[in-house]
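# Tertiary structure, described
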Amino acid sequence: MATIYSRFTEANHTGKKLFIVLIDPDKFDPDMTEFYGKLLIQASPDLIFVGGSLTTESTVNTIQRLKEICSVPVVLFPGNALQFTDKADALLFLSLISGRNPDFLIGQHVAIAPAVHKSGIEAIPTGYILVESDETTSVEYISNTRPVPRNKPQLAATTALAGELLGHKLIYLEAGSGARPPVPDEMIETVKKSISIPLIVGGGLRDNTSIISALNAGADAVVVGNVLESNPELMISFAGTVRNYKIQKNTIG
Ligand code: 1GP
């Protein structure tokens, strides 16, 4: 069976872009399950990420609900080790490599490694790089780390390269959920040129224009969550934009 990771390597090698919907279990209203399910079936994103900075017990329930209502693979995108569950199809085994907090570089990982190993879940080692936005984001506050300054693309690129050399299989360039503004295009371009592994970009992407900019700059996959909490129907338009990206390049889908 093809792995979840193979979707990212295919995107990286072929130029096919991936659209990923992020669902924060703490903000997922169970009463909206049926409505959301219809949207997910119609939009058919490549993957669903589930996770948040504060989430604990609602993670499992949300994943189970999502798996009941659609067949889109679900990837756990955990804010901490407490969120681990083997109910997802894969796990982003994240190291916050832009930070210098040992707990998010290796501590949480040691705590959960035996459970991850025992579960047999596909764990994808991912170098997570937090980028400065105009306000302090939840992930910055909770992780107690400093983001890479927005005007230092080379610093982000060098961090990403170090992540690849350390063995990470994905780089996630992140402005933080709800960030204003998203990761600068120049930083995405510089990071993309410095690495050979797939690049995910997320945080503050809230319209087709910003999604196309991130893809043009070199993102292999874009993650959208926050704007869908108030406007879930937008996922259909965003999915179409990413799916037709080669055809509609530089235009709004
Ligand atoms: C956050 O990258 C994701 O971790 C998505 O960001 O919620 O701002 O879309 P938004």
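All of these numbers come straight from a predicted model, not from anything done at the bench. (Residues numbered from 1 in each chain as written. Predicted model: local features only at pLDDT ≥ 70, side-chain atom pairs only at ≥ 80, totals over all residues. Heavy atoms only, no water.)

All right, on to unusual backbone geometry then. The phi angle of most residues is negative, glycine excepted, and most peptide bonds adopt the trans form. For the bond from Arg180 to Pro181, the omega torsion is -5°, close enough to zero to count as cis. A positive phi angle is found at Ser44, which is not glycine, with a value near 50°. Within the secondary structure, Ser44 is located in the loop between α2 (33–43) and β2 (47–50). On the accessibility criterion, Ser44 (40% relative accessible area) is partly exposed. Of note in the backbone geometry, Asn144 takes a positive phi value of approximately 55° without being a glycine. Judged by its relative accessible area of 64%, Asn144 falls in the exposed class. (Helix = DSSP H or I, 4+ residues; strand = E, 2+ residues; numbered from the N terminus. Buried < 20%, exposed > 50% of the residue type's maximum accessible area, 1.4 Å probe, protein only.)

Before going further, it helps to examine the pairing of strand β1 (residues 18–23). Burial within β1 is extensive, with six of its six residues counted as buried. In the sheet, β1 pairs with strand β8 (residues 221–224) via four bridges, with the strands oriented parallel. Following the sheet pairing, Val21 is matched in β8 by Val224. Handedness of the crossover joining β1 and β2 through α2: right-handed. (Pairing = 2+ DSSP bridges. Right-handed = clockwise from strand over helix to strand, strands pointing away.)

Here the focus is the site of the ligand. Glu174, Ser177, Gly178, Gly225 and Asn226 are the nearest of the 14 residues found near the ligand. Tyr172 has a polar side-chain atom sitting 2.8 Å from an oxygen atom of the ligand. Take Gly203: an N or O atom from its main chain is 3.1 Å from an oxygen atom of the ligand. Coverage of the ligand by the protein chains reaches 97% of its 300 Å² of free accessible surface. Each residue belonging to the shell around the ligand can be placed in one class, and the counts come to five nonpolar, eight polar and one charged. (Near = heavy atom within 4 Å. Polar contact = N/O pair within 3.5 Å; in protein donor to acceptor, adjacent residues only side chain to side chain. Areas by Shrake-Rupley, 256 points an atom, 1.4 Å probe, with all protein chains shown as cover. Nonpolar A, V, L, I, M, F, W, Y, C, P; charged D, E, K, R; others polar.)

Turning next to the environment of Ala157. Here Ala157 is to be found in helix α6 (residues 153–165). In sequence terms Ala157 and Met187 are 30 residues apart; their C-alpha atoms lie 7.6 Å from each other. Discounting residues that sit within four places of it in the chain, Ala157 has contacts with Thr190, Val191 and Ser194. (Contact = heavy atoms within 4.5 Å.)

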